[in-house]
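Chain and residue survey
So the chains spell out like this:
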Amino acid sequence: MESVDDMIQKEKKTALRFLIGLGITLLIIAIPTLILFWNELRSLMSLKKIDDYGMYHMSYYGDYGFDEFLEVGAKSDADIEAFVTKRLLKGLPIDLGVTGDGCTAFVVKNANGEIMFGRNFVS
């Protein structure tokens, strides 16, 4: 018959194995996710509040895929949403359901000839 100490040791070993397995599983999920979405995460980490009026600044790291979009084109807001969602979510089949919401955008060149883009998104 097993002693209480032996049973406790077995339970500790089982718990340790479980925690090690859980840690390995999380790493297997986290590392590819970080690699796949690195530019998007860097972009989110760059988000800074500029003033108390709701103005923020964020640097986007990565490729917008605009050249590809020009080749594919779009006939509706749903087509644009599908393209952007597929591109940003790396093809994962997630429906954000934002078609029908509105946004305003503008593009200008500053005094140095740099192109500046601004937009708001209102739902």
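These lines cover the structure that appears in this document, whether it is placed above or below.

Parameters at a glance
- Residues numbered from 1 in each chain as written.
- Predicted model: local features only at pLDDT ≥ 70, side-chain atom pairs only at ≥ 80, totals over all residues.
- Heavy atoms only, no water.
- Phe/Tyr/Trp six-rings, centres within 6.5 Å; stacked < 30°, edge-to-face > 60°.
- Lys NZ or Arg CZ within 6 Å of the ring centre and 35° of its normal.
- Helix = DSSP H or I, 4+ residues; strand = E, 2+ residues; numbered from the N terminus.
- Polar contact = N/O pair within 3.5 Å; in protein donor to acceptor, adjacent residues only side chain to side chain.
- Contact = heavy atoms within 4.5 Å.
- Patch = residues over 30% accessible without salt bridge, like charges linked within 9 Å, V, L, I, M, F, W, Y side chains within 5 Å.
- Areas by Shrake-Rupley, 256 points an atom, 1.4 Å probe, with all protein chains shown as cover.
- Salt bridge = Lys/Arg side-chain N within 4 Å of Asp/Glu carboxyl O.
- Axes fitted to C-alpha atoms, helices over the stretch in contact; angles between N-to-C directions.
- Parallel < 35°, antiparallel > 145°, perpendicular 65-115°, else oblique.
- Nonpolar A, V, L, I, M, F, W, Y, C, P; charged D, E, K, R; others polar.
- Buried < 20%, exposed > 50% of the residue type's maximum accessible area, 1.4 Å probe, protein only.

Time to look at the packing of aromatic side chains. A full pass over the atoms with the stated rule returns 2 aromatic pairs. Between the NZ or CZ atom of arginine 42 and the centre of the ring of tyrosine 61, over which it lies, the distance is 3.8 Å.

By the element assignment, serine 46 lies in the loop between α2 (38–45) and β1 (48–49). Here serine 43 takes part through its backbone oxygen, which lies 2.7 Å from a polar atom of the side chain of serine 46. The residues contacting serine 46, other than those within four sequence positions of it, are His57, Met58, Ser59 and Tyr61.

Residues Leu34, Trp38, Leu41, Leu44, Met45, Leu47, Tyr56 and Met58 make up a contiguous nonpolar surface patch of about 810 Å² in total accessible area. Here the nonpolar patch gets 4 residues from one element, more than from any other, and that element is α2. Note on placement: leucine 47 falls in the loop between α2 and β1.

Turning our eyes to something else, we now look at the environment of glycine 54. Position of glycine 54 among the secondary structure elements: in the loop between β1 and β2 (56–57). The spatial distance from the C-alpha of glycine 54 to the C-alpha of valine 72 is 35 Å, given a sequence separation of 18 residues.

Time to look at the packing of helix α1 (residues 4–36) against α2. Packing of α1 against α2 leaves a shortest axis separation of 5 Å and a crossing angle of 75°. Looking at the two axes, α1 sits roughly perpendicular to α2. Across from Leu34, Ile35 and Leu36 in α1, the residues of α2 making contact are Trp38, Glu40 and Leu41. When its residues are assigned to classes, the contact of α1 with α2 shows 5 nonpolar, no polar and 1 charged.

Moving on, we come to the pattern of salt bridges. A full pass over the atoms with the stated rule returns 3 salt bridges. A salt bridge links lysine 90 to glutamate 40, with the shortest nitrogen-to-oxygen separation between them at 2.8 Å. Pair noted here: lysine 90 is in the loop between α4 (77–88) and β3 (102–109) and glutamate 40 is in helix α2, with a separation of 50 residues, a long-range link. By relative accessible area, which is 16% here, glutamate 40 ends up buried. Residue aspartate 63 pairs with arginine 87 through a salt bridge whose shortest N-O separation is 3.1 Å. One end of the pair, aspartate 63, is in the loop between β2 and α3 (66–72); the other, arginine 87, is in helix α4, and 24 residues separate them in sequence. Classification of arginine 87 by relative accessible area gives partly exposed; the value is 28%.

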